[in-house]
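Remarks on the overall topology
If you want the building blocks of each chain, they are given just below.
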Amino acid sequence: MRFEGKVVVVTGGSRGIGRAIAKAFGNQGASVVVNYRSNEEAANEVVSAITAAGSRAVSFQADVSLFSEGEKLIKKAIQEFGDLHVLVNNAGTTRDGLIMTMKEEDWDFVINTNLKSTFNCSRAAVRHMFRKRYGRIINITSVSGVMGNPGQTNYSASKAGQIGFTKALAREVASRNVTVNAVAPGFIDTVLTSALPENVRDGMLELIPLGRIGSTEEVAKAVLYLASDDAAYITGHILGIDGGIAMA
Ligand code: NAP
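Residues numbered from 1 in each chain as written. Predicted model: local features only at pLDDT ≥ 70, side-chain atom pairs only at ≥ 80, totals over all residues. Heavy atoms only, no water.

Looking at the confidence of the model for the protein
- Predicted confidence across the protein gives a mean pLDDT of 97, with 100% of residues reaching 70 or more.
- Here helix α7 (residues 191-194) is the element of the protein with the lowest mean pLDDT, 80, and strand β4 (residues 86-89) is the one with the highest, 99. (pLDDT = per-residue confidence, 0-100. Helix = DSSP H or I, 4+ residues; strand = E, 2+ residues; numbered from the N terminus.)

Side note on the environment of Phe187
- Here Phe187 lies in the loop between β6 (178-185) and α7.
- Sequence separation between Phe187 and Ile245 is 58 residues, and the spatial gap between their C-alpha atoms is 9.0 Å.
- Beyond its immediate chain neighbours, meaning those up to four positions away, Phe187 contacts Thr193, Leu196, Arg201, Met204, Ile208, Ile213 and Gly214. (Contact = heavy atoms within 4.5 Å.)

A look at the packing of aromatic side chains
- Enumeration according to the criterion identifies two aromatic pairs in this entry.
- Geometrically, the ring pair formed by Phe3 and Phe25 is edge-to-face, given 4.9 Å between the ring centres and 75 degrees between the ring planes. Pair noted here: Phe3 is in the segment before β1 (7-10) and Phe25 is in helix α1 (residues 16-27), with a separation of 22 residues, a long-range link. Here the two residues Phe3 and Phe25 agree in accessibility, since each one is buried.
- Here the aromatic rings of Phe67 and Phe119 are separated by 6.1 Å at their centres, their planes lie at 25 degrees, and the arrangement is stacked. Of this pair, Phe67 sits in helix α3 (residues 67-81) while Phe119 is found in helix α4 (residues 104-132), placing the two residues 52 residues apart along the sequence.
- One cation-aromatic arrangement involves Lys6 over Tyr134; the distance from NZ or CZ to the ring centre is 5.2 Å.
- Sitting above the plane of the Phe109 ring, Arg95 keeps its charged end 3.9 Å from the centroid. (Phe/Tyr/Trp six-rings, centres within 6.5 Å; stacked < 30°, edge-to-face > 60°. Buried < 20%, exposed > 50% of the residue type's maximum accessible area, 1.4 Å probe, protein only. Lys NZ or Arg CZ within 6 Å of the ring centre and 35° of its normal.)

Regarding the site of the ligand
- Looking at the ligand, there are 28 residues lining it, with Ser14, Arg15, Ser38, Asn39 and Tyr155 nearest.
- Between a nitrogen atom of the ligand and a side-chain N or O atom of Asp63, the distance comes to 2.8 Å.
- Contact with the protein chains hides 95% of the accessible area of the ligand, taken as 910 Å² for the molecule alone.
- Where the shell around the ligand is concerned, the elements lending two or more residues are α1, β2 (31-36) and α6 (153-173). (Near = heavy atom within 4 Å. Polar contact = N/O pair within 3.5 Å; in protein donor to acceptor, adjacent residues only side chain to side chain. Areas by Shrake-Rupley, 256 points an atom, 1.4 Å probe, with all protein chains shown as cover.)

Some words on the side chain of Ser55
- Along the chain, Ser55 turns up in the loop between α2 (40-52) and β3 (57-61).
- Classification of Ser55 as buried rests on a relative accessible area of 7%.
- Here the side chain of Ser55 touches Gly26 through a polar contact of 2.6 Å, landing on its backbone oxygen.
- Setting aside residues up to four positions removed in sequence, Ser55 forms contacts with Gly26, Gly29, Ala30 and Ile50.

Some thoughts on the pattern of salt bridges
- Summed over all chains, the structure comprises six salt bridges.
- A salt bridge links Asp83 to Lys132; the nearest nitrogen and oxygen atoms lie 3.6 Å apart. Note that Asp83 is positioned in the loop between α3 and β4 and Lys132 in helix α4, a separation of 49 residues in sequence.
- Looking at Asp83, the relative accessible area reads 16%, which means it is buried. (Salt bridge = Lys/Arg side-chain N within 4 Å of Asp/Glu carboxyl O.)

Quick look at the pairing of strand β5 (residues 135-140)
- Within β5, six of the six residues are buried, which leaves it mostly tucked inside the rest of the structure.
- Here β5 shows a buried face lined by Gly135, Ile137 and Asn139 and a second buried face lined by Arg136, Ile138 and Ile140.
- Taken together, the four bridges between β4 and β5 define a ladder with parallel strand orientation. The partner of Val86 across the bridge, within β5, is Arg136. (Pairing = 2+ DSSP bridges.)

Concerning the packing of α3 against α4
- In contact at an axis separation of 8 Å, α3 and α4 are set at 40 degrees when each is read in the N-to-C sense. Taken as axis vectors, α3 and α4 run oblique relative to one another. Between α3 and α4 lies a crossing of right-handed hand. In this structure, α3 uses Phe67, Gly70, Glu71, Leu73, Ile74 and Ile78 to contact α4, whose residues at the interface are Lys116, Phe119, Asn120, Cys121, Arg123, Ala124, Ala125 and His128.
- Considered class by class, the residues forming the contact of α3 with α4 number eight nonpolar, three polar and three charged. (Axes fitted to C-alpha atoms, helices over the stretch in contact; angles between N-to-C directions. Parallel < 35°, antiparallel > 145°, perpendicular 65-115°, else oblique. Left-handed = near helix turned anticlockwise from the far one by under 90°. Nonpolar A, V, L, I, M, F, W, Y, C, P; charged D, E, K, R; others polar.)

Points about α2
- Taking 1.5 Å per residue as the helical rise, α2 with its 13 residues ought to reach 18 Å, and the 18 Å between its terminal C-alpha atoms agrees with that figure.
- Looking only at α2, the buried set comprises Ala42, Ala43, Val46, Val47 and Ile50. All buried residues of α2 project into a common sector of 145 degrees when viewed along the axis, lining one side. Turned more than 90 degrees away from the buried face of α2, the exposed residues are Glu41 and Ala52.
- Packed against the buried residues of α2 are α1, β2 and β3. (Expected span 1.5 Å × (residues − 1). Arc of directions from axis to C-beta.)

Below, the structure written as C-alpha cells:
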C-alpha cells in the first residue's frame, strides 16, 4: 500500500496504458481520479475495479486538450479528495499520415491532445503542488518522440515536445520538492497495436532487442516507481520502457 493517503489524477485513465496505471495506483491504496474524454462506461469499469480493491476512485469527463477542462479536472481532484499528489499525463492519440497529405487539423488535433494537454493539466497541478511543497508529475511520452517514426511527424513532435517540457518543468519546480519525469513506452500491447497487420507486428518485433511486445502493466510499474518515495531523487528523467529499442 505504497500510495495510501495519496491522491492521483490519470488523464485518459479509461483504456489501455492509462487504465493499467489507474488500477495499479488503486491497488496500492491511492485515491484515483480516472479522466476520460468520451468512453464513460470504460472509465466507470476502472473505478469499479479500484473500489472493489478497497481504494477510492471517481471518473471525470474532461477533454484535457482544452485549457479550461484541464483546470476543471485538477479542481475536481482537489474538491473530491482534498489534495493532489500525483499527476499522470497519459491521454494521447494518433492521426498518422505522410507529411505531404497530412491535414492541418490532424497536426493540431495530435499536438493539442498529446502536448497541450500536458501543459494544461500540469499548469493547474503545479499551483497546488507548489503550495504543498510536494508533487510528482509523470508524462507518458513515446519512443517515437526519441527516435522519430515515419508517418508520425505530428505524433513524434508531440512526444518530443513532452520530453522537452518534462526537463524544463523539472528544473523550474525542483526547489519546491516537485519532481517531473517521463516514461517512453515502445511497442505496448493495446488495442492500437493489436490492430496492426501481422507482417507489421513481426517487422517491429525484429527491431526489439528483448524480442517481445511490452504490457500495459510493465509501463504502470515504471510510473508507480517514479511516483514513489524510492524515486525522490530522480527528476527530469526519461525512462524507456521499450525492450531496448531506443537505446543510444
Ligand atoms: P488508448 O488505448 O487509445 O487510450 C487513450 C486514452 O486517452 C483513453 O482513455 C481516451 O479516453 C483518452 N483520451 C484521448 N484523448 C483525450 C482527451 N482529449 N481528453 C481526455 N482523455 C483523452 O491509448 P494507449 O495506447 O493506452 O496510449 C496511452 C498513452 O501512451 C498515450 O499518450 C500514447 O501516446 C502513449 N504510448 C502508447 C504506446 C502503445 O504502444 N500503445 C506506445 C508509446 C506511447 P476515451 O476513451 O474516453 O476517448
